[in-house]
Amino acid sequence: MKRTFFIFLIVFCSLSVNAQTDSQAKATLDKVSAFLQKSAITTDFNVVYENAQTNEIEKKTGKLKLKGNKFFLSTGDLELFFDGKTQWTLMKELNEVSISEPTKEEMLQLNPILIVNEFGKTHHVQFDADSEKDKVNFLLNLFPKENKFDHFKVVIVVQKDTKQVKKISIRYKNGTSTIFESSNFNSTAKLTDGDFAFDEKKYPNVEINDLR
């Protein structure tokens, strides 16, 4: 067990050192980040949660709207609104909405733009070995600069011409992974503040649970 750990540590450290020198990859990620921040985006998505130890796989599909630090997420069983400060989580089966003010760390679990922005600051970035061969996409590997993260690698796939984030894969130290994939990407959507706030009038009988 210890031997396996040290082999992994050596490989990981060597990758991190190489990543530090890859300024072009970091510049590419910065351009994608800037593009996402100034765009109003709608996209369909698939999220897959995998556990390599138990072979468990959980899949979810839904829709996502993004504009700056605001976002709306919808799946079959919930709708989540965030207006930049307040978050409303509507559980449809329970007919209940919870109101909270999430932390930055909690937002990182939900908002792909925040993942790209934050990880660009806290991770070493390098092009994947296959990135040059791929004529359509940039393949970016990100490795944490510090051990405080519970993941050891992030892979971001970006379409070269549209700057669409097509895929984000996060691999965790406990053997699990989260894979986010987008489709029907639109970066010129017409979105208003109302798209990111819960409207009680549309749900007159919903139970409100204020956690603030």
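Conventions and cut-offs
Residues numbered from 1 in each chain as written. Predicted model: local features only at pLDDT ≥ 70, side-chain atom pairs only at ≥ 80, totals over all residues. Heavy atoms only, no water. Core = buried A, V, L, I, M, F, W, Y, C linked by side-chain atoms within 4.5 Å. Buried < 20%, exposed > 50% of the residue type's maximum accessible area, 1.4 Å probe, protein only. Helix = DSSP H or I, 4+ residues; strand = E, 2+ residues; numbered from the N terminus. Phe/Tyr/Trp six-rings, centres within 6.5 Å; stacked < 30°, edge-to-face > 60°. Lys NZ or Arg CZ within 6 Å of the ring centre and 35° of its normal.

Observations regarding the nonpolar core
At step 1: In terms of nonpolar packing, the biggest core is built from 31 residues, with Phe71, Leu142, Ile156 and Ile168 touching the most fellow members.
At step 2: The dominant element in this core, judged by the number of residues it contributes, is helix α2 (residues 23–38), at five residues.
At step 3: Residues Phe72, Phe81, Trp88 and Leu90 belong to the second largest nonpolar core, which totals 12 residues.

Concerning the packing of aromatic side chains
Geometry of an aromatic ring pair is reported as the spacing of the ring centres plus the angle between the planes.
At step 1: What the rule picks out here adds up to six aromatic pairs.
At step 2: When the ring of Phe81 is compared with that of Phe198, the centres are 5.8 Å apart and the planes differ by 70°; the resulting orientation is edge-to-face. Taken as a pair, Phe81 in strand β4 (residues 78–82) and Phe198 in the loop between β11 (176–186) and β12 (207–210) lie far apart in primary sequence, 117 residues in all.
At step 3: Between Phe198 and Tyr203, the aromatic rings sit 5.1 Å apart at their centres with planes inclined by 15°, giving stacked as the arrangement.
At step 4: In textbook terms, an aromatic cluster arises when at least three aromatic residues are bridged by ring pairs, as seen for Phe72, Phe81, Phe198 and Tyr203.
At step 5: Sitting above the plane of the Phe138 ring, Lys160 keeps its charged end 5.3 Å from the centroid.

Fair warning: the whole summary comes from geometry, so function is off the table for now.
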